[in-house]
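# Overview (structure and organization)
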Amino acid sequence: MKKAIYPGSFDPVTNGHLDLIERASRVFDEVIVSVACNTEKTPLFSIEERVKMLQDACGHLDNVTVDYFKGLLVDYAKKHEAKAIIKGLRAVSDFEFELQMALMNKRLNNDIETMFIMTAAEYSFLSSSIVKELAIFGAELKGLVPEGVEKLLKEKLDISGQEA
Ligand code: PNS
């Protein structure tokens, strides 16, 4: 059974993440999408909200489950007997940091491989941060985030299209 972990902040999940999850689910027998609790970032959405958003977005994928984790990613992967960590690469700018993390994770646990999937060209400019900024300024998010996430963003940011 080839099992992989796809970790991230997912604050919120974007269509770029979802595309990656769908592609990973065709390569691996099981994919666990796991929301990291302890990043240095201050999230907009709670862990529970992000898990629910991902569950809704991944409902059509039978071999994908959604979870969250605290602590080291490699320890979490080992606990779940996953041999691979999936990461998305959008541009050269992602590479340096991702390489650093992949090498450190390899040093921490040599049995777990980090595997990179190139982000689809149409999502190469997309990030959770950009989505949040667009939402703050009331821009159209259709096609950028899974259905339902735009509404959740508006609710969270308390913007319902009203003029300031
Ligand atoms: O979506 P993000 O914020 O780029 O995800 C980064 C994440 C959560 C995958 C990374 O910060 C992580 O793996 N955190 C868990 C703690 C850990 O294992 N740190 C050592 C990595 S070298």
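This report concerns the structure included in the present document. (Residues numbered from 1 in each chain as written. Predicted model: local features only at pLDDT ≥ 70, side-chain atom pairs only at ≥ 80, totals over all residues. Heavy atoms only, no water.)

The next subject is the overall build of the protein. Tallying secondary structure elements over the protein gives six helices and five strands in all. In the protein, the succession of α and β elements from N to C terminus is β-α-β-α-β-α-β-α-β-α-α. Computed over its C-alpha atoms, the radius of gyration of the protein comes to 16 Å, within 12% of the 15 Å expected for a compact globule of 164 residues. When the backbone C-alpha atoms are referred to their principal axes, the protein occupies close to 55 × 35 × 30 Å. (Helix = DSSP H or I, 4+ residues; strand = E, 2+ residues; numbered from the N terminus. Rg over C-alpha atoms; globule rule 2.2 N^0.38 Å.)

As a further point, take the pairing of strand 2 (residues 30–36). The side chains of a regular strand alternate between the sheet's two faces. Of all seven residues in strand 2, six are buried, a share of seventy percent or more. Pairing geometry for strand 1 (residues 3–8) and strand 2, over six bridges, is parallel. Bridge assignment links tyrosine 6 to a residue of strand 2, and that residue is valine 33. Assessed by its sense of winding, the connection that carries the chain from strand 1 through helix 1 (residues 15–27) to strand 2 is right-handed. Two elements, strand 2 and strand 3 (residues 64–69), share six bridges in a ladder whose sense is parallel. If you follow serine 34 over to strand 3, its bridge partner there is aspartate 67. With respect to chirality, the unit in which strand 2 leads through helix 2 (residues 47–57) into the neighbouring parallel strand 3 is right-handed. (Buried < 20%, exposed > 50% of the residue type's maximum accessible area, 1.4 Å probe, protein only. Pairing = 2+ DSSP bridges. Right-handed = clockwise from strand over helix to strand, strands pointing away.)

Now for the nonpolar core. If you look at the biggest cluster of nonpolar residues, it comprises 35 residues, and the most contacted ones within it are Tyr6, Ile21, Val33, Leu54 and Ile86. Of all the secondary-structure elements, those providing two or more residues to this core are strand 1, helix 1, strand 2, helix 2, strand 3, strand 4 (84–89), helix 5 (128–136) and helix 6 (149–157). In terms of residue count, the dominant contributor to this core is helix 2 (five residues). Those residues in contact with tyrosine 6 that sit more than four places away from it in its chain are His17, Leu20, Ile21, Val31, Ile32, Val33, Ser34 and Ile86. Core analysis: the next-biggest nonpolar cluster, separate from the first, contains 11 residues, Ile5, Ile32, Leu73 and Ile112 among them. (Core = buried A, V, L, I, M, F, W, Y, C linked by side-chain atoms within 4.5 Å. Contact = heavy atoms within 4.5 Å.)

This next bit is on the site of the ligand. Every one of the 14 residues lining the ligand counts as a neighbour, but Ser9, Ala36, Lys41, Leu72 and Leu73 are closest to it. One of the side-chain N or O atoms of serine 9 is found 2.5 Å from an oxygen atom in the ligand. One of the side-chain N or O atoms of lysine 41 is found 2.6 Å from an oxygen atom in the ligand. Here the ligand has 550 Å² of accessible area as a free molecule, and 76% of this is covered by the chains. Contributions of two or more residues to the shell around the ligand are made by strand 1 and helix 4 (92–108). Of all the elements, helix 4 adds the most residues to the shell around the ligand, at three residues. Taken together, the residues of the shell around the ligand sort by class into seven nonpolar, five polar and two charged. (Near = heavy atom within 4 Å. Polar contact = N/O pair within 3.5 Å; in protein donor to acceptor, adjacent residues only side chain to side chain. Areas by Shrake-Rupley, 256 points an atom, 1.4 Å probe, with all protein chains shown as cover. Nonpolar A, V, L, I, M, F, W, Y, C, P; charged D, E, K, R; others polar.)

Interpretation in functional terms is not warranted from these geometric data alone.
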